[in-house]
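For reference, the chains in residue letters:
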Amino acid sequence: MTAVGDRHLRLLAAAIAVSSIGDFVALLALALRAHEMWKSFGVALLFICLWSPLAALAGHVGLLVDRLETRGLAIGAAFFQAAVAVALAFAHSLVAVYALTIVLGIGVAVSQASEFALVPLLTGTRAIARANGLVESMRGLGFMVGPLIGGALAAGAGTKAALLADAATFMLIGLVLAALPVRRRAQVDEGSTPRARDGIQLLFSERVLTIAMAVGAVTLIFMSASIPGDFAYVQDVLGVGDLGMGAVLTAWSIGMIVAANTLPQRVPLHAVALVTLVAAAVQGFAKFAAPFWLVFPFLLACYVVGGAGHGVKNVGFRTLIHERVSADQHGRAFAAYNGLRNTAELVALAGGGVLVATLGGRGTLWIAGGVSGLAGLVGVGLLAASRDDPQPALD
């Protein structure tokens, strides 16, 4: 990676960190508003409104990213999201909040796929794991810091201020994108007709990606479903309270940020798939192990390990796509990946509540963590047994 490329990547990563913090500030503010208006069901519906566009429009978003100049599209998406965030700040009815959240989700779908497609242009293929690790750690920083800032801002200045702050972060990332010296133009082969379903086919186009994506879908469903179990276990079983729950989320985020920013760049390209699946197993078994000993510090230690697995797994999936899908198809591939992830999270919204109601917090962590860990191990076994391993499509 050149010094110029490294500088621009760090600039983009810093902007992503600020934007991610703003996203979580706004998400908490919207969740508080939805809870006030319609209690817990209102919060669940808010997440459905935000995530549904990423799942439902994945194919069309991927086509858009691969057919248009990507940096310009990302800039437009950033300013579009800023405008929607401002509108949300002044929305008073629940219907308006949900409708605008759906519109915001459309902008998120375009911006995330665009940013993923731009990353290789700032790094070169040989440094892609390092770049993905940096971007993932910056998103993790938003997960850790955003809710704290959002809670303080919403309590002190109200949800309107939190949403306006989010709008400012969208403006910032738009300006940073405009300063990047990169262009990614459409490269469609003569006689080929890109289709909305191409993205899913790309993710399952060869054996290694198929194994990784299948394991990723299973682990994401169960790990997302385990989140209600975290709250039930920490508060109802351990009796630690709200401060303890904050410590749990922080422990997970610390493991995620540190691992994502230090480990993936040390993994050789031929071992990325194996390490990714091992990390998925580590993430699951960390949650599985935590409830065996009813001691809060042990839970925190397990969640640092689980967060580390989570960070390495996320970086690994993105690096696999960057390596094994040709650059001109990255928009479709990453839009499909985001669609797959958000479809799994939508399924998990319902499943997590059912697990907690049926098994309690402790049982939920055992089931969700155990299934996730086993899925990772099955993936490792399938990968080891595979003899058909095409070379990555490096551009």
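So, here is what we can say about the structure in this document. (Residues numbered from 1 in each chain as written. Predicted model: local features only at pLDDT ≥ 70, side-chain atom pairs only at ≥ 80, totals over all residues. Heavy atoms only, no water.)

### Side note on helix H4 (residues 94-123)
Taking 1.5 Å per residue, 30 residues should reach 44 Å; H4 reaches 43 Å between its end C-alpha atoms and fits that length. Among the 30 residues that make up H4, 21 are buried, leaving the element largely enclosed by the rest of the structure. (Helix = DSSP H or I, 4+ residues; strand = E, 2+ residues; numbered from the N terminus. Expected span 1.5 Å × (residues − 1). Buried < 20%, exposed > 50% of the residue type's maximum accessible area, 1.4 Å probe, protein only.)

### Quick look at a nonpolar patch on the surface
Taken together, the side chains of Leu274, Val278, Val282 and Val305 make up a nonpolar region of the molecular surface, amounting to roughly 280 Å² of accessible area. Per-element accounting of the nonpolar patch gives the leading share, three residues, to helix H11 (residues 272-289). Looking at the element boundaries, valine 305 is found in helix H12 (residues 296-324). (Patch = residues over 30% accessible without salt bridge, like charges linked within 9 Å, V, L, I, M, F, W, Y side chains within 5 Å. Areas by Shrake-Rupley, 256 points an atom, 1.4 Å probe, with all protein chains shown as cover. Salt bridge = Lys/Arg side-chain N within 4 Å of Asp/Glu carboxyl O.)

### As for the pattern of salt bridges
Applying the stated rule across the entire model yields six salt bridges. Where glutamate 206 meets arginine 324, a salt bridge forms, and the shortest distance between an N and an O atom there is 3.3 Å. Here the residue glutamate 206 occupies a position in the loop between helix H7 (198-203) and helix H8 (207-225), and arginine 324 occupies one in helix H12, the gap between them amounting to 118 residues. Each member of the pair, glutamate 206 as well as arginine 324, carries the same accessibility label: buried.

### With respect to the packing of H12 against helix H13 (residues 330-385)
Running from N to C, H12 and H13 point in directions that differ by 155 degrees, and their axes come no closer than 12 Å. As judged from the angle between their axes, H12 and H13 are roughly antiparallel. Between H12 and H13 lies a crossing whose hand is right-handed. Residues Tyr303, Asn314, Phe317, Arg318, Ile321 and His322 of H12 form the contact with H13, whose participating residues are His330, Ala333, Phe334, Tyr337 and Leu365. Taken together, the residues of the contact of H12 with H13 break down into seven nonpolar, three polar and one charged. (Axes fitted to C-alpha atoms, helices over the stretch in contact; angles between N-to-C directions. Parallel < 35°, antiparallel > 145°, perpendicular 65-115°, else oblique. Left-handed = near helix turned anticlockwise from the far one by under 90°. Contact = heavy atoms within 4.5 Å. Nonpolar A, V, L, I, M, F, W, Y, C, P; charged D, E, K, R; others polar.)

### Some points on empty space enclosed by the protein
A full pass over the atoms with the stated rule returns one cavity of 30 Å³ or more. Approximately 70 Å³ is the volume attributed to the largest cavity. In terms of lining, the largest cavity is formed by Ala129, Pro264, Val267, Val272, Val275, Thr276, Val312, Val315, Gly316 and Thr319. When grouped by side-chain class, the residues that make up the lining of the largest cavity number seven nonpolar, three polar and no charged. (1 Å grid on protein atoms, 1.4 Å probe; cavity = no way out; pocket = protein on both sides within 12 Å on 5 of 7 lines; lining within 4 Å. Points joined across faces, edges and corners; volume = space filled by probe spheres on them.)

### Considerations on the environment of leucine 299
Inspection of the secondary structure assignment puts leucine 299 in helix H12. Residues leucine 299 and alanine 286 lie 13 residues apart in sequence; the distance between their C-alpha atoms is 8.9 Å. With residues up to four places along the chain from it excluded, the contact list for leucine 299 reads Tyr233, Val234, Leu238, Val248 and Ala290.

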